[in-house]
Every structure is written in C-alpha cells, then in structure tokens.
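Report on the structure
Below are the chains, spelled out letter by letter.
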Amino acid sequence: MEKIVITPGTLLKKEFLSVPTSKSHSIRAVLLAGLAQGCSTISHLLKSPDVEAAKIFIQSLGAQIKSDKKGILEIEGVGGKPRFSSLEKETIDCGNSGLLLRLATAIASAFLKPFVFTGDYSLKNLRTSSALIHGLKQLGVKINCLEKENFAPWQVQGTALPQKIIIDGKDSQPVSALLFLAALLPKHMEIQILQPQEKPWVDLTLFWLEKLKVPFQREGYSKIVVHGKNVWPAFIYQVPKDFSSLSFPVVSALLLRQSIFINDIDWQDPQGDKQLFYTLKKMGADLEILPQGLKTGPNSCFKGSRIDMDGMVDALPVLAVLGCFCAGETVLYNAKSCRHKESNRIQTIVQELKKMGAHISSLEDGVKIKESRLQGCNILSSHQDHRIAMSLYVAALTAKIPSRLAGIDCIKKTYPGFLDEYCADRL
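Computed from a predicted model, the values in this text were never measured in an experiment.

Turning our eyes to something else, we now look at the nonpolar core. Ile 42, Phe 57, Phe 117 and Leu 178 are the most contacted members of the largest nonpolar core, which has 76 residues in total. Counting residues per element, this core draws most heavily on helix α6 (residues 172-184), which supplies nine residues. The contact partners of Phe 117, leaving out residues within four places of it in the chain, are Phe 57, Ile 92, Cys 94, Leu 101, Ala 104, Thr 105, Ala 108, Ala 152, Pro 153, Trp 154 and Val 156. Counting 71 residues, the second-largest nonpolar core is a separate cluster that includes Met 356, Tyr 393, Ala 396 and Leu 419.

A packed helix pair is summarised by two numbers, namely the angle formed by the two axes and the spacing between the axes. With their axes 8 Å apart at the nearest point, helix α10 (residues 316-323) and helix α12 (residues 386-397) run at an angle of 20° to one another. Judged by the angle between their axes, α10 and α12 are roughly parallel. Where α10 crosses over α12, the handedness of that crossing is right-handed. In this structure, α10 contributes Pro 317, Val 318 and Val 321 to the contact, and α12 contributes Arg 387, Ile 388, Ser 391, Val 394 and Ala 395. Class assignment for the residues of the contact of α10 with α12 results in six nonpolar, one polar and one charged.

With that settled, consider the layout of surface pockets. If you add up the space inside the largest pocket, you get close to 520 Å³. Lining the largest pocket are 22 residues, and of these Val 19, Pro 20, Thr 21, His 44 and Lys 241 sit closest to its centre. Tallied by class, residues from the lining of the largest pocket come to 10 nonpolar, eight polar and four charged. Here the second largest pocket defines a volume of roughly 370 Å³. Taken together, 18 residues line the second largest pocket, and the ones lying closest to its centre are Asp 168, Lys 170, Asp 171, Ser 337 and His 340. For the lining of the second largest pocket, the residue count by class is four nonpolar, seven polar and seven charged.

The subject of this paragraph is the packing of aromatic side chains. All chains considered together, the criterion is met by 17 aromatic pairs. When the centroid spacing of 6.0 Å and the interplanar angle of 70° are considered together, the rings of Phe 84 and Phe 115 count as edge-to-face. Taken together, the positions of Phe 84 in the loop between β5 (72-76) and β6 (90-93) and Phe 115 in strand β7 (residues 115-118) put the pair 31 residues apart, joining distant regions of the chain. Taking 5.7 Å as the distance between ring centres and 15° as the angle between the ring planes, the aromatic pair formed by Phe 115 and Phe 117 counts as stacked. Each member of the pair, Phe 115 together with Phe 117, is buried. These aromatic residues form a ring-pair network of at least three members: Phe 57, Phe 84, Phe 111, Phe 115 and Phe 117. Here the guanidinium or amino end of Arg 218 rests over the ring plane of Tyr 221, the centre of that ring lying 4.7 Å away. The ring of Tyr 333 has Arg 306 lying over it, and the distance from NZ or CZ to the ring centre is 4.6 Å.

About the criteria used
- Residues numbered from 1 in each chain as written.
- Predicted model: local features only at pLDDT ≥ 70, side-chain atom pairs only at ≥ 80, totals over all residues.
- Heavy atoms only, no water.
- Core = buried A, V, L, I, M, F, W, Y, C linked by side-chain atoms within 4.5 Å.
- Buried < 20%, exposed > 50% of the residue type's maximum accessible area, 1.4 Å probe, protein only.
- Helix = DSSP H or I, 4+ residues; strand = E, 2+ residues; numbered from the N terminus.
- Contact = heavy atoms within 4.5 Å.
- Axes fitted to C-alpha atoms, helices over the stretch in contact; angles between N-to-C directions.
- Parallel < 35°, antiparallel > 145°, perpendicular 65-115°, else oblique.
- Left-handed = near helix turned anticlockwise from the far one by under 90°.
- Nonpolar A, V, L, I, M, F, W, Y, C, P; charged D, E, K, R; others polar.
- 1 Å grid on protein atoms, 1.4 Å probe; cavity = no way out; pocket = protein on both sides within 12 Å on 5 of 7 lines; lining within 4 Å.
- Points joined across faces, edges and corners; volume = space filled by probe spheres on them.
- Phe/Tyr/Trp six-rings, centres within 6.5 Å; stacked < 30°, edge-to-face > 60°.
- Lys NZ or Arg CZ within 6 Å of the ring centre and 35° of its normal.

Structure below.
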C-alpha cells in the first residue's frame with residue numbers, strides 16, 4: 001500500500017491550475033456512445049480505472065473503440081443492437097465504481113444475454129444496491145446476488161418489460177440507471193421516486209437524455225415518464241471539468257492563503273458539486289467566481305454554518321476539514337448516503353480527523369465540527385477512498401508537523417495528477 005509524507009504548508013506548485021474532467025460525465029458519455037448509431041467522438045475524457053471499465057463493458061456489447069489518443073476517444077456504437085460474443089455469459093469487473101455497476105447493470109437488463117457484474121470490496125460489502133434491484137425486479141428482470149443480498153457480484157438477465165415502477169430515491173444512481181434502461185425499452189416507462197435526494201445528479205442524467213433527444217416528462221423529481229424504443233445518433237462531446245475534484249486544490253489554497261486561478265469552468269453544467277463554491281463564499285472564503293473560472297485570495301475568514309449537503313454529498317469530507325478552521329460550530333447534514341460510498345465517509349472522516357486532534361463527531365446523516373487546531377499524525381489511512389485520501393492530504397497541509405498517509409493509490413480514480421500538483425514525498 002503506497003504511502004506519502006505530507007509536509008505542512010506545502011503550496012500548490014502553480015498559480016494557474018488545471019483540474020481533471022468529470023468522472024460522472026465521462027462514464028455516461030462512454031456508455032451512451034457505445035449504444036449510439038455511428039461513430040461518436042469524446043474529448044477530454046477522464047483517465048480513470050472507472051472509465052476504463054466502462055470501455056470494457058461497451059466492448060462486450062459489440063461497440064468498437066476506433067481510436068484512443070491525444071485525449072480523444074472514438075467509439076463506433078451498436079445502434080441499440082448489441083453484437084454479443086459466443087460466451088455463455090459476459091463478466092464485467094466494475095472495480096471501485098458504484099456508478100458504473102448500477103448504470104451497466106440496468107443497460108444489460110434491456111437484453112437477453114446474461115451478465116455477471118462484480119467489483120472490489122466496497123461494492124461487495126459497503127455499497128448496497130437494494131433500490132436498483134427492487135426496481136429491476138418490478139420490470140421482470142432476473143437478478144441473482146451471488147454472495148450477499150443486495151450487493152455485487154450478481155447475475156442479471158433481461159429482457160425488462162416497461163411498466164410503472166416505484167423506487168426509493170435517496171441515492172440518485174439507481175434512478176439514473178433506470179432512466180437509461182427506460183430509454184432502451186420498447187414502450188414508455190413511469191418511474192415513481194420516493195424521497196428523492198441528490199437531485200442535481202438526476203438532473204445530470206436528464207441532461208444526457210435531452211442531449212440525445214430521448215423524450216420524457218417529469219413531475220419534479222417524484223415522477224418521470226420516459227418514452228422508450230430510442231436509437232440515438234452518434235455525438236460529439238467535450239467532457240467538462242469536475243467540480244468535486246476542483247474542491248481539493250481550492251480548499252487547500254484557501255486554508256494556506258494561496259492565490260490560484262482555474263479556468264475553463266462551465267458553471268452551466270448540471271454537476272451538483274458546483275454548489276460547494278457558492279457555499280464556501282457564504283462561509284467567508286476569499287473566492288471570486290468568474291464567468292469561466294475561479295480565483296482564490298489570501299483573506300478568508302471562515303465562520304461556522306449549518307450546511308445542507310444534499311446535491312453535493314461528495315464534498316462532505318473536504319468540508320469537514322474546512323470546518324476545523326471555522327469560528328464556532330459547523331454542521332453538515334442531509335448526507336446519509338455518504339455511509340454507502342467507497343467507504344463509510346461519515347465514519348472514516350471522523351475517525352481520521354480525530355487522530356489529528358479535531359473536535360468532530362458523527363451524526364446519523366452527517367458530521368458536527370468545532371474549531372480545532374490540527375496536529376500531524378503518522379498513521380492516517382485513506383480507507384481506499386479517493387475523496388477521503390485527498391481530504392486528509394489537505395488537512396495534513398495545515399498541521400503542525402508532517403503526517404503520513406497510507407493508501408494513496410485510490411486517488412487515481414478521479415484525480416490522477418493530484419500529487420503532482422504539490423511536492424509530495426512518496427515513501
């Protein structure tokens with residue numbers, strides 16, 4: 001397990017910074033290009049193990065990756081008519097990607113070919129998919145969990161029969177998965193969503209349906225009707241910057257009073273985590289939001305706040321770090337889904353920041369933090385969660401003495417160049 005030593009006060013190497021592109025968009029773009037009619041071109045695709053696994057899945061459907069160079073991917077799609085291999089069933093390892101697991105499982109449910117989907121420890125033990133499984137079974141899909149109920153690995157076999165279904169909406173990924181499936185089915189499908197949360201991520205999926213001209217109607221987030229039997233044409237797409245990845249260098253710059261500038265930011269993109277930067281300003285960040293960029297300054301004065309995390313739950317770990325530097329008390333709430341990510345993020349960020357002397361405690365749906373002076377620590381662990389790893393890195397930059405962080409290899413999932421942005425000493 002790779003480790004690094006983190007020296008307090010280490011600044012970002014460059015004043016002008018470029019951050020990775022969106023993992024959520026990259027995975028969706030690859031999957032939808034694989035199903036399209038003709039050759040799609042995707043530029044600025046994120047380099048990530050999750051995206052590589054998505055490529056393998058669409059190739060199992062018969063899609064062809066014609067070229068993958070200079071940051072441009074060309075995919076010849078199957079036009080809604082997969083060309084399967086002669087294998088009795090296809091096996092897809094989704095690695096650490098819960099998003100790919102759910103989206104690919106739903107897409108595979110549109111076809112008769114059996115698929116087995118598996119993944120790493122977190123997908124097999126931490127990240128339940130009960131809402132998706134319940135929805136697929138309502139459609140007549142045969143899905144059999146092979147080790148543990150509601151967790152991967154499982155075998156799935158369609159064909160799904162479109163009808164009205166009801167699912168729990170506290171996690172947006174099953175909703176997104178069923179929306180993609182509905183677009184492929186022969187008739188319209190109505191999805192009723194109970195307790196819808198993480199709404200911007202549903203919007204992101206609906207953005208793709210609109211882009212591909214898949215017809216749908218909605219009643220807010222509680223009911224969506226998708227008209228099926230769609231074959232969409234190939235498309236050209238440039239993946240935008242990832243707002244969640246952007247949060248880490250921005251928060252580190254704010255805490256270390258460093259001025260940096262990031263350009264090429266699309267504030268119109270539906271990614272939910274863009275809300276974080278408006279929240280930072282309300283908390284007292286010296287932050288200028290520009291039409292196509294963002295700039296930090298040296299004069300932040302943070303104050304404690306109550307912050308509703310719905311729509312930006314991935315920002316909970318790094319906001320917990322920031323909470324240590326806010327006057328008074330900071331409460332992050334409405335983030336219960338954080339307990340079912342790559343790690344139990346509520347539990348792990350509390351556990352690790354306490355090692356550094358933080359006054360932090362867990363809530364059922366979030367965390368509570370009081371102003372703290374962080375100390376260095378020799379035994380920080382990422383818990384193989386990329387967002388925990390980068391949040392702890394930012395925390396260690398503010399400590400009194402150097403810290404050691406184990407399990408940094410997971411960072412490549414969303415921000416492969418993160419450590420290169422600093423002068424990181426690997427052990």
